Amino acid sequence: EEALREAGVEGLKREPFDVVVPIDRGAWLELGDAGEKIELISLWPNLVRTNTTGPEGIEGELFYGGSGEFGQFDGYQMEGGLVLMEFNTWNNWINAASLGARGVIFIAPEQTTIFEARQKWHWAPLEIPRFWMEREAGLALRERLEEGSVWARVRARMDWEWHETWNIWGIIPGSDPELRDQLWAIQTYYDGISVAPKLTPAAESACGAAGLIELAHYLRENPPARSVALIATGGHFMGQAGLKNFFYKHARRRLEFRRHMPQRFVTDSLDVDRLLAETRQRKTIPDSLGIQLVEEPGTGKLKLKSVDMEQLVARLKLMRMLNKADSLGIRLEPDSLAIDMFISLDLSSQSDQLGIWHNTPNPAYRRFFVPVGRSFIRHAQEVAGELGIDPELALVNGISPVKGLTWSSYVNLDVVIPDGIIAQTAGQMALSLMTVNDARLSLDTPLDRVEHISFENVHRQCQVLERLLSSALGDAEIFGSEEKELRAKHDKNIKDLLLDIRGSLRLLPRKSTT
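A quick note: this is a predicted structure, and the numbers were derived from the prediction, not measured.

Caption draft 1: How the structure looks around the overall build of the protein. Check the secondary structure of the protein and you find 13 helices and 17 strands. Projected onto its principal axes, the C-alpha coordinates of the protein cover approximately 95 × 70 × 40 Å. For the protein, the proportion of its 514 residues judged to be buried stands at 49%. Of all intrachain contacts in the protein linking residues separated by at least 6 positions in sequence, the fraction that spans at least 24 positions is 78%.

Caption draft 2: Molecular detail of helix H5 (residues 207-221). For H5, which comprises 15 residues, the first-to-last C-alpha distance of 22 Å matches the rise-based estimate of 21 Å (1.5 Å per residue) to within 8%. Of the residues making up H5, those classed as buried are Cys207, Gly208, Ala209, Gly211, Leu212, Leu215, Ala216, Tyr218 and Leu219. Buried-residue contacts for H5 involve helix H1 (2-6), strand E7 (150-172), strand E8 (183-189), strand E9 (227-233), strand E14 (339-346) and helix H12 (455-473).

Caption draft 3: Structural detail: the layout of surface pockets. Empty space within the largest pocket amounts to approximately 1,800 Å³. As for the largest pocket, its lining consists of 48 residues, of which Met238, Gly239, Gln240, Ala241 and Lys244 are closest to the centre. For the lining of the largest pocket, the secondary-structure elements that each account for two or more residues are strand E1 (10-31), E7 and helix H6 (241-250). Taken together, the residues of the lining of the largest pocket break down into 28 nonpolar, 9 polar and 11 charged.

Caption draft 4: Geometry of the packing of aromatic side chains. Applying the stated criterion to the full structure yields 15 aromatic pairs. Considering the side-chain rings of Trp44 and Trp160, the 6.5 Å spacing of their centres and the 90° angle between planes classify their relative orientation as edge-to-face. Of this pair, Trp44 sits in the loop between strand E2 (36-42) and strand E3 (58-64) while Trp160 sits in strand E7; the two residues are 116 residues apart in sequence, bridging distant segments of the chain. On the basis of relative accessible area, Trp44 is assigned to the buried category, the value being 15%. Overall, the relative accessible area of 33% leaves Trp160 in the partly exposed class. Residues Trp184 and Phe479 carry aromatic rings whose centres are separated by 6.4 Å and whose planes lie at 65° to one another, so their mutual orientation is edge-to-face. With Trp184 in strand E8 and Phe479 in the loop between H12 and helix H13 (483-493), this residue pair connects regions lying 295 residues apart in the sequence.

Caption draft 5: Summary view of the packing of H5 against H12. Two numbers describe how H5 lies on H12: the axes approach to 9 Å, and their chain directions differ by 50°. As summarised for this structure, H5 and H12 are arranged oblique, according to the angle between their axes. Seen from above, H5 lies across H12 with right-handed handedness. Every residue of H12 that contacts H5 at Cys207, Gly211, Glu214, Leu215, Tyr218 and Leu219 is listed here: Val458, Cys462, Glu466, Arg467, Leu469, Ser470 and Leu473. Grouping the amino acids of the contact of H5 with H12 by side-chain chemistry returns 8 nonpolar, 2 polar and 3 charged.

Caption draft 6: Just the nonpolar core, in detail. The biggest cluster of nonpolar side chains holds 51 residues, and the ones touching the most others in it are Ile343 and Phe376. Counting residues per element, this core draws most heavily on H12, at 8 residues. The residues touching Phe376, leaving out its near neighbours within four places in the chain, are Trp184, Ile343, Ile356, Leu395, Leu431, Leu468, Leu469, Ala472 and Ile478. Among the nonpolar cores identified, the runner-up in size contains 22 residues, and Ile41, Val83, Phe106 and Ile128 belong to it.

Caption draft 7: Representation of the pattern of salt bridges in the model. A complete count under the given rule lists 28 salt bridges for this structure. Between Glu161 and Arg25 there is a salt bridge, and its shortest N-O distance comes to 2.6 Å. Placement of Glu161 in strand E7 and of Arg25 in strand E1 is noted, with a sequence separation of 136 residues between them. One salt bridge connects Arg153 with Glu30, and the closest N-O pair in it is separated by 4.0 Å. In this pair, Arg153 sits in strand E7 while Glu30 sits in strand E1, placing the two residues 123 residues apart along the sequence.

Caption draft 8: Local environment of unusual backbone geometry. If you check the backbone angles, Trp90 has positive phi at about 55° while not being a glycine. Within the secondary structure, Trp90 sits in the loop between strand E4 (82-86) and helix H2 (93-98). Using a relative accessible area of 41% as the deciding quantity, one classes Trp90 as partly exposed. Backbone geometry at Asn437 places phi at a positive 60°, although glycine is not the residue there.

Caption draft 9: Looking closely at the side chain of Asn245. Tracing the sequence through the fold places Asn245 in helix H6. If sequence neighbours within four positions are ignored, Asn245 has contacts with Phe17 and Asn167.

Caption draft 10: Just the pairing of strand E12 (residues 302-307), in detail. Sheet topology places strand E11 (residues 291-295) next to E12; 5 bridges connect them, and they run antiparallel. Of the residues in E12, the one forming a bridge with Val294 is Lys303.

Caption draft 11: Molecular detail of the packing of helix H10 (residues 370-387) against H12. Contact pair H10 / H12: the axes reach a minimum separation of 9 Å and the direction vectors enclose 130°. Relative to H12, H10 is oriented oblique. Crossing of H10 against H12: the hand is right-handed. Touching Phe376, His379, Ala380, Glu382, Val383, Glu386 and Leu387 of H10 are Gln463, Val464, Arg467, Leu468, Leu469, Ser471 and Ala472, all from H12. When its residues are assigned to classes, the contact of H10 with H12 shows 8 nonpolar, 3 polar and 3 charged.

Caption draft 12: View of the side chain of His490. One can find His490 in helix H13. Contacts of His490, omitting those with residues within four sequence positions, involve Phe368, Phe369, Gly427, Gln428 and Met429.

Caption draft 13: A look at the environment of Gly290. Structurally, the position occupied by Gly290 is in the loop between helix H8 (272-281) and E11. A relative accessible area of 6% places Gly290 in the buried class. Through-space distance from the C-alpha of Gly290 to that of Leu215 is 41 Å; in sequence the pair is 75 residues apart. Not counting residues up to four positions away in its chain, the partners in contact with Gly290 are Ser306, Val307, Asp308 and Gln311.

Calculation criteria
Residues numbered from 1 in each chain as written. Predicted model: local features only at pLDDT ≥ 70, side-chain atom pairs only at ≥ 80, totals over all residues. Heavy atoms only, no water. Helix = DSSP H or I, 4+ residues; strand = E, 2+ residues; numbered from the N terminus. Buried < 20%, exposed > 50% of the residue type's maximum accessible area, 1.4 Å probe, protein only. Contact = heavy atoms within 4.5 Å. Expected span 1.5 Å × (residues − 1). 1 Å grid on protein atoms, 1.4 Å probe; cavity = no way out; pocket = protein on both sides within 12 Å on 5 of 7 lines; lining within 4 Å. Points joined across faces, edges and corners; volume = space filled by probe spheres on them. Nonpolar A, V, L, I, M, F, W, Y, C, P; charged D, E, K, R; others polar. Phe/Tyr/Trp six-rings, centres within 6.5 Å; stacked < 30°, edge-to-face > 60°. Axes fitted to C-alpha atoms, helices over the stretch in contact; angles between N-to-C directions. Parallel < 35°, antiparallel > 145°, perpendicular 65-115°, else oblique. Left-handed = near helix turned anticlockwise from the far one by under 90°. Core = buried A, V, L, I, M, F, W, Y, C linked by side-chain atoms within 4.5 Å. Salt bridge = Lys/Arg side-chain N within 4 Å of Asp/Glu carboxyl O. Pairing = 2+ DSSP bridges.

If you want it as structure tokens, here you go:
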């Protein structure tokens, strides 16, 4: 937030929302009767089942299970046991669980991948705690267990908790008289994730936020022709909660969704006479609605002085008139942003090449984006010439791939889900600018640390990104010569369908069978 403010982004807003996250309150391994303790780190819950053991903990024989193959458990009492395993063993911990083990401890590896990390929790609420042990302690314990098993106890607590996070955004006004009323939203996320929530360095995940901040600095020195909303969203790895929250508040298209958006008071549409008559009939006064009136000098007629929106909305809700405010002479409308183009950024550091994509594998929708894709490629090639980069490598066109390739040839969509998909689901014309040819193997791991970041690659991407977007923002023909027809077809086919399912769960006590 401070970095964007320093970059000159006007009217920065911090909008809070709540997410539910697993919080590691501590875990310990106690060995033998001597009270020796080794700290453990809880891994991600099995669906909703966290690693919490209760104050008494779980205890049993602790032995070394190697890579978790069934044959490596020979000679050990699995039922009620605790197993020390290597981390890079795919999902073999389930072998131990299926034989009755009560808990699994993984030795931190020197290297690992997102695919290994994602195998260390399950979509079913299996009641088997799993832990990360730092490598030095793990190797020492492994050596000790080579002489035989030891009696051990594990105590852990991990709770699901509501925590507040934020979306941070602001607008850079456009400088071109013809284009400044058009608004482009450029967004990225700033949070990270790890299979061990307490160890979340998330260095690769920070590349997008770095790119957004660098873009803000560039646009301060090179004012954009169109207006730009720079948006940093939270909760990306919690179902992209931040971006959904942003659209719920600011950019819905369908009427039934817009009714639930924050409302804006339309000052010049207030019917004072009707307001007075209707409030008098309901035995209340405009002040109770947060509306203050004042007499005009000379005429004595009442006119609007001020309105307290928070009080007005609260009062209208209480009167069950929030969607019928016009009957009081009050006009409210959704406080909506008219976004002409939404662009999500998703950057990483193990490649220096960018690509552009239209957020859907549906070939029927590709035609709505082909002209803008070609325009971006043209601008990228011009930028490449300025930076001394091979124009053919400046930007991958994922909208119209060449040589029979598809977007999945460049980005693994099982690893990266672009935020542009959420924008498109909300009916927006949306593109994603992403790092391509990077498997992003360290994501979701405790080893995604800053020392592994290729700053040179991030710097090169930022150089291309800021110049490319600045050039595109100034291109009046960015959508081609038939923009109105193209947008009409886009809006007819790509609808606002972004939905949440909300409900309550009630746990009923079991009936006694006796």
